[in-house]
Amino acid sequence: MTTTSKPYADMDDGELPKLEPIINALKCEQTGHIMEAILLYEESIFRLTQMAEEEPTRRQLCGKYLKMYEARAKQLREQVKGHLHSSRMLDHISIERGARGRSYQRLFGPYLDDSVREAHLNEPHLTESHHFRNLLHFFEVLVKNCRYLKYIRLTTRPDPGSPKNQLHILQQMKSDLGSGNIQMNFQMDDSLHDRKIVLSSGVVIKIGRGLHYFEPVESSYSLGLCDFDFRKCLATEVDIWKCRAFAKRPKDTGDSESQDAKEDRSSDRAEGRAYSSD
């Protein structure tokens, strides 16, 4: 995250600036997108800590809000943790070296449906061209199958060799997904090792090699260039778990669903999705 000099100097001492992550965190929590809300609260905590250091006159005010957001983030983390503790294994898949017919659609398609509104992906390795092509293809499968998908959160390691190129590509993906009414957020974690996909429906997919379990295609005119079912695989293990859905039901407002949820659903139907197939 980039720090700028005195970014809040034009604010009155008695108020905080309207931090975008906080606004989005509250919106996510109200609409039941709990996993994304947690990360947005954490980002807000980071920014408030920066603000307190840069603007000593607001330290007390920042401290008040820090305690509030830290407490809420902790509550939501405990909620998610409780769901994970009750998980059960749905499937274990061993992929042998050279196997075909193991595309993302074939493996994960049965778990990608209308109940998925958030998808969080931990993929440590995003530095080479084929890494980004794999990621993009996974996003295509995800968006095509999950009609009500609203948020994608990607966590990866920063590319030490070409960080600007990595950020440029991810920003392009973010912009393209945004044109289809899907908010993609990404963050860097130097210590990231685990590879997994967590869906708001309560499905957790752990892949030994992450998204990169395919062998390179032999040429630009080989089967498998476009259809991943024709690609040969590297040996890996896939575990698929299921727990209670992470998304909290919106608060009741006298009807079976909240007004926010109604508006959200109506917007989906009215506007459609730029990527939906005919």
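Notes on the structure follow. As the structure is a computational prediction, the values presented were derived from the model and not from experiment.

### Some remarks on the overall build of the protein
Part 1: Per the secondary structure count, the protein includes 7 helices and 7 strands.
Part 2: Within the protein, buried positions represent 44% of all 278 residues.
Part 3: Sequence separation of 24 or more characterises 77% of the internal contacts of the protein that already satisfy a separation of 6 or more.
Part 4: When the accessible surface of the protein is split by element, carbon and sulfur atoms take 49% of a total near 15,600 Å².

### Details of the pairing of strand β4 (residues 183-188)
Part 1: Pairing of strand β3 (residues 151-156) with β4 involves 6 bridges; the strand directions are parallel. Across the sheet, the residue bridging to L154 is F186, located in β4.
Part 2: Each parallel crossover has a hand, and the one from β3 via helix α6 (residues 163-178) to β4 is right-handed.

### Some points on the environment of H120
Part 1: One can find H120 in strand β2 (residues 118-122).
Part 2: Considering only alpha carbons, one finds H120 and L154, 34 residues apart in sequence, at a separation of 6.0 Å.
Part 3: Beyond its immediate stretch of four places on either side in the chain, H120 contacts M35, E36, L39, R153, K196, I197 and V198.
Part 4: At 3.4 Å, the side chain of H120 and the side chain of E118 are in polar contact.

### Focus: the pattern of salt bridges
Part 1: As enumerated under the stated definition, the model contains 8 salt bridges in all.
Part 2: With its nearest N and O atoms 3.6 Å apart, the salt bridge here joins E78 to K81. Residue E78 and its partner K81 are located together in helix α3 (residues 59-85), separated by 3 residues, close to a single helical turn.
Part 3: According to the relative accessible area criterion, K81 is partly exposed, its value standing at 40%.
Part 4: Here E215 and R97 are joined by a salt bridge, their closest N and O atoms 3.9 Å apart. Of this pair, E215 sits in the loop between β6 (203-207) and β7 (236-242) while R97 sits in the loop between β1 (88-95) and α4 (104-108), placing them 118 residues apart in sequence.
Part 5: Taking the relative accessible area as the measure of exposure, R97 reaches 61% and is therefore exposed.

### Observations concerning the packing of aromatic side chains
Part 1: Inspection of the entire model under this criterion finds 11 aromatic pairs.
Part 2: With centroids separated by 5.9 Å and ring planes inclined at 90°, the aromatic side chains of Y104 and F138 adopt a geometry described as edge-to-face. Residue Y104 is found in helix α4, and its partner F138 is found in helix α5 (residues 129-145); the two are separated by 34 residues along the sequence.
Part 3: In this structure Y104 comes out as buried when scored by relative accessible area, which is 0%.
Part 4: Its relative accessible area of 2% is what places F138 among the buried residues.
Part 5: The cationic tip of R231 hangs over the ring face of F228; the distance from NZ or CZ to the ring centre is 3.9 Å.

Definitions and limits used
Residues numbered from 1 in each chain as written. Predicted model: local features only at pLDDT ≥ 70, side-chain atom pairs only at ≥ 80, totals over all residues. Heavy atoms only, no water. Helix = DSSP H or I, 4+ residues; strand = E, 2+ residues; numbered from the N terminus. Buried < 20%, exposed > 50% of the residue type's maximum accessible area, 1.4 Å probe, protein only. Contact = heavy atoms within 4.5 Å. Areas by Shrake-Rupley, 256 points an atom, 1.4 Å probe, with all protein chains shown as cover. Pairing = 2+ DSSP bridges. Right-handed = clockwise from strand over helix to strand, strands pointing away. Polar contact = N/O pair within 3.5 Å; in protein donor to acceptor, adjacent residues only side chain to side chain. Salt bridge = Lys/Arg side-chain N within 4 Å of Asp/Glu carboxyl O. Phe/Tyr/Trp six-rings, centres within 6.5 Å; stacked < 30°, edge-to-face > 60°. Lys NZ or Arg CZ within 6 Å of the ring centre and 35° of its normal.

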